[in-house]
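Geometric and topological summary
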Amino acid sequence: MDGRGLAKRIVMEAAARAAEISQRTGTVPCLATVLVGEDPASATYVRMKQARCAKAGIRSRHIGLPADTTTAELIEALTSLSKDPDVHGILLQHPCGPHIDERAAFEAIAPEKDVDGVTMRSFAAMGFGLPGFVSCTPGGIMRLLEEYDVDLTGQHAVVVGRSAILGKPVGMLLLAKNATVTYCHSRTVDLPAIVREADVVVAAVGRPRLICGEDIKPGAVVIDAGYNAGNVGDVDFDTAHTRARLITPVPGGVGPMTIAVLLAQTVDAAVHQLGFQRH
Ligand code: NAP
């Protein structure tokens, strides 16, 4: 499954909408990125997101806070961005560090600017099937499945991983598409036996090649959201791709979709906040 190609199309569409908004309202859609500390990997992610924004005609504003920022200071910065009419979307790069109450920080993001889909309100909207911003990686995974016409009705989807930003929400979105969903995690007994039953496997763990090709049911659809050192996914691609009907590579599968959804949701946020109507 070509995530890179689909992501490019989504970004092009977001760029066209951003250009139209800028032209007609005089306001350029703006994403604020917030980073606590100087973790090199996090800093790279933020720079990547800013670069993609620039290419798509979305303005970005970066708030870099020192590593010893307190939860209260971070909340203050996020509250101020939430009130700023020039900012349409807010992304708090995480993890923020062990001394920060990340949940409290996320909740300081105004729901209408939560383009990364991290607040409780966004999570609840996903669960209830109500309009709202989805977590970007789960949203990207669902777009990929849609693009490849994967009919999820009655399919057994096995989600390996249950994090609040990835495993849990992707399971909710698969359920909403009538899949029968099984969640697996670090305490699951005999993971390979469960994966063998799956019509759709979503790997969201962060353990290189945890899922072997021999455990993939022939004809299954395999989504590998894992991203580990050395550009390696959670699925052993070489052995899995011979059995899977569809499979995402790492890199070039889920990764580019995450940023594409972030940009598209930033433009959506600007559309709502500016009351923009398309002709
Ligand atoms: P996380 O918060 O660390 O969650 C990992 C999940 O995997 C947990 O639910 C954990 O179970 C489960 N797990 C750990 N070891 C396991 C094992 N041996 N067997 C079965 N389950 C196991 O990670 P995350 O933030 O969800 O990210 C997961 C992966 O996706 C990482 O590789 C990350 O880099 C990648 N990711 C990629 C993107 C992208 O844009 N492509 C975006 C986000 C994340 P417990 O709950 O029991 O601890």
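Anything mentioned here points back to the structure above.
Along every chain, residues carry numbers that run from 1 in the direction the sequence is written. Per-residue local features of the predicted model are confined to residues with pLDDT of at least 70, and side-chain atom pairs are confined, for both listing and counting, to 80 or more; whole-chain, interface and lining totals are unaffected and use all residues. Side-chain metrics in this entry use all non-hydrogen atoms of the structure; hydrogen atoms and water are not considered.

**So, the overall build of the protein chain**
Per the convention used, a helix needs a DSSP run of H or I reaching at least four residues, while a strand needs a run of E reaching at least two, with both numbered from the N terminus. When you go through the protein chain residue by residue, the secondary structure sums to ten helices and eight strands. In this description the radius of gyration comes from C-alpha coordinates, and the expected globular size is given by 2.2 Å times residues to the power 0.38. Its C-alpha radius of gyration of 19 Å places the protein chain within 12% of the 19 Å reference for a compact globule of 279 residues. If you line up the protein chain on its principal axes, its C-alpha atoms span 55 × 45 × 35 Å. Relative to its full complement of 279 residues, the protein chain shows a buried share of 50%. The contacts in the protein chain between residues at least 6 apart in sequence include a share of 69% that link residues at least 24 apart. With residues, only the protein chains shown are counted as cover, and all accessible areas are computed by Shrake-Rupley using a 1.4 Å probe. Put simply, the protein chain shows about 13,100 Å² of open surface, and 54% of that area lies on carbon and sulfur atoms. When the 27 positive and 30 negative side-chain charges of the protein chain are each reduced to one mean point, those points stand 3 Å apart. Using a 1.4 Å probe on the protein chains alone, a residue whose accessible area is under 20% of its type maximum counts as buried, one over 50% counts as exposed, and one in between counts as partly exposed. Contacts are residue-level and defined by heavy atoms, with any inter-residue pair within 4.5 Å sufficient. Two residue types count as positive, namely Lys and Arg, and two as negative, namely Asp and Glu; His and chain ends fall outside the count. Where a charge sits is defined by one atom per residue type, namely NZ (Lys), CZ (Arg), CG (Asp) or CD (Glu).

**Side note on the packing of helix α6 (residues 136-147) against helix α10 (residues 254-274)**
Where helices are involved, their axes are fitted lines through C-alpha atoms of the stretch in contact, as for all axes, and angles between N-to-C directions lie from 0 to 180°. The interhelical angle for the contact between α6 and α10, taken along N-to-C directions, is 105°, at an axis separation of 8 Å. Considering the angle they form, α6 stands roughly perpendicular to α10. Seen from α6, the contacting residues are C136, T137, G139, G140, I141, R143 and L144; seen from α10, they are V254, M257, T258, V261, L262 and Q265. A per-class count over the contact of α6 with α10 returns seven nonpolar, five polar and one charged. Relative orientations are named as follows: roughly parallel for angles under 35 degrees, roughly antiparallel for angles over 145 degrees, roughly perpendicular for angles from 65 to 115 degrees, and oblique for any other angle. Residues are grouped as follows: Ala, Val, Leu, Ile, Met, Phe, Trp, Tyr, Cys and Pro are nonpolar; Asp, Glu, Lys and Arg are charged; all remaining types, including Gly, are polar.

**Structural notes on helix α2 (residues 40-55)**
Here a helix's expected span is defined as the number of its residues, less one, multiplied by 1.5 Å. For α2, which comprises 16 residues, the first-to-last C-alpha distance of 23 Å matches the rise-based estimate of 22 Å (1.5 Å per residue) to within 8%. S42, A43, V46, K49 and C53 are the residues of α2 that are buried. Take α2 and look down its axis: the buried residues cluster within an arc of 125°, on one side only. Of the residues in α2, the exposed ones pointing more than 90 degrees away from the buried face are P40, R47, A54 and K55. Next to the buried residues of α2 lie β1 (30-36), β2 (59-65), β3 (89-92) and α10. Just past α2, the residue G57 takes up positive phi, approximately 75°. Working note: the arc is built from the helix axis to C-beta atom directions.

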